[in-house]
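# A structural walkthrough
Each chain is listed here by its residues.
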Amino acid sequence: MSRPRRELRSVTGVEQVGPYTLVRLDRGGLDPGRPGQFFMLEAPGRVLPRPLSLCLAPPGELAFLIDAVGPGTTALAELGVGEAIHVFGPLGNGYRLDVPEPLLVAGGIGIAPLPYLAEALGGAPAVLGFRSERHAEAAALLPGADVVIDPVLVTDAIDYGRSILACGPEPMLRAIRARAPHAQLAWEAPMACGYGACYGCVVEIDRHLERLCIAGPVLCS
Ligand code: FES
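Here the residue index of a chain counts from 1 through its sequence in written order. Only residues with pLDDT of 70 or above have their local features reported here, since the model is predicted, and side-chain atom pairs are shown and tallied only from 80 upward, although totals for entire chains, interfaces and linings are computed over all residues.

## Points about the domain arrangement of the protein chain
- Under the domain assignment used here, the protein chain contains domain 1 (5-91) and domain 2 (102-219).
- If you average the C-alpha positions of domain 1 and of domain 2, the two centres end up 19 Å apart.
- The contact criterion used here is simple: two residues whose C-beta atoms, placed from the backbone, lie within 7 Å are in contact. Each side of the interface is counted separately: domain 1 has 19 residues, and domain 2 has 23 residues.
- What counts as a helix is a DSSP run of H or I of at least four residues, what counts as a strand is a run of E of at least two, and both are numbered from the N terminus. Looking at the side of domain 1 that touches domain 2, the elements with two or more residues in it are β3 (38-41), β4 (50-53) and β6 (84-91).
- Under the scheme applied here, ten amino acids are nonpolar (Ala, Val, Leu, Ile, Met, Phe, Trp, Tyr, Cys and Pro), four are charged (Asp, Glu, Lys and Arg), and all others, including Gly, are polar. A breakdown of the residues in the side of domain 1 that touches domain 2 according to their chemical character gives 15 nonpolar, 3 polar and 1 charged. A domain assignment, automatic or from a database, supplies the domain bounds used here.

Here you go:
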């Protein structure tokens, strides 16, 4: 398991991907970790950093896909090339890669960890669900993926006989878990510290309370 580090890293690129923003950072001494692990990114002007899973790890860079839905994620999406932010990670538990016939599944911004995951698996089929054509432009990050758009549900387009590795909104994850109890699912929760100290990320999964930052974000029964 890679040791997390905290470093001040510079923005090397910012790209729009549909309604999302891909922010590339100079990797420095940070290890990209396992797909599904996350990093705490300092959000300029905000007290708390934001947890983001790694989207891409090209040589010398770490890239994060951001959905600007609040003040913190908006501040991150508005970063400019050359600006620097503190980055801490990799943190948490990622996906297990030693599974037969993997199938990657995402809903919306849940696509974020899948490009790095697909690369680590040496390629795998993927099914992506989006709420609009514009959001579906993000599928360009995962060439060859099958794409469905509302009102078609991604959960109706999955081969449940495969090993499912998924990320997306909670109703999607719960629907997958109901039909594939051993699916690896990346859950989401607000996080303040990222390493188990604040209890701000406690979630109830199968009647157990878990600190998602250390038990997850990828959980599997
Ligand atoms: Fe602090 Fe999980 S984010 S305990």
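## Details of the environment of Pro-115
- Within the secondary structure, Pro-115 is located in helix α2 (residues 114-120).
- Between the C-alpha atom of Pro-115 and that of Gly-194, which follows or precedes it by 79 residues, the distance is 23 Å.

## Digging into the sheet that holds strand β8 (residues 126-130)
- Any two strands between which DSSP finds at least two bridges are classified as paired. The 6 strands lie next to each other as β9-β8-β7-β10-β11-β14, forming an open sheet whose pairing is mixed. Edge strands, defined here as strands with exactly one partner in the open sheet, are β9 (146-149) and β14 (218-219).
- Note that strand β10 (residues 163-167) and strand β11 (residues 184-186) share 3 bridges and pair parallel. Looking at β11, one finds that Leu-165 is bridged to Gln-184.

## Details of the sheet that holds strand β1 (residues 5-17)
- The antiparallel open sheet is built from 6 strands, whose spatial order is β4-β3-β6-β1-β2-β5. The outermost strands of the open sheet, each flanked by one partner alone, are β4 and β5 (61-66). Across this sheet, the average inter-strand angle for adjacent strands is 40°, counted without regard to direction.
- Bridging between β3 and β6 involves 3 bridges; their strand directions are antiparallel. Counted as the bridge partner of Met-40 is Phe-88 from β6. Structural elements are reduced to axes, namely lines fitted to C-alpha atoms, with helices fitted over the stretch in contact, and the angle between N-to-C directions of any two is expressed from 0 to 180 degrees.

## Regarding helix α4 (residues 170-179)
- Note on burial: count the other C-beta atoms lying within 10 Å of the residue's C-beta; 20 or more is buried, 12 or fewer is exposed, in between is partly exposed, and C-beta positions come from the backbone. Three or more residues of α4 are buried, namely Met-172, Leu-173 and Ile-176. All buried residues of α4 project into a common sector of 95° when viewed along the axis, lining one side. Of the residues in α4, the exposed ones pointing more than 90 degrees away from the buried face are Pro-171 and Ala-178.
- The inward-facing, buried residues of α4 contact β7 (102-107), β10 and β11. The arc in question is the one spanned by the directions pointing from the helix axis to the C-beta atoms.

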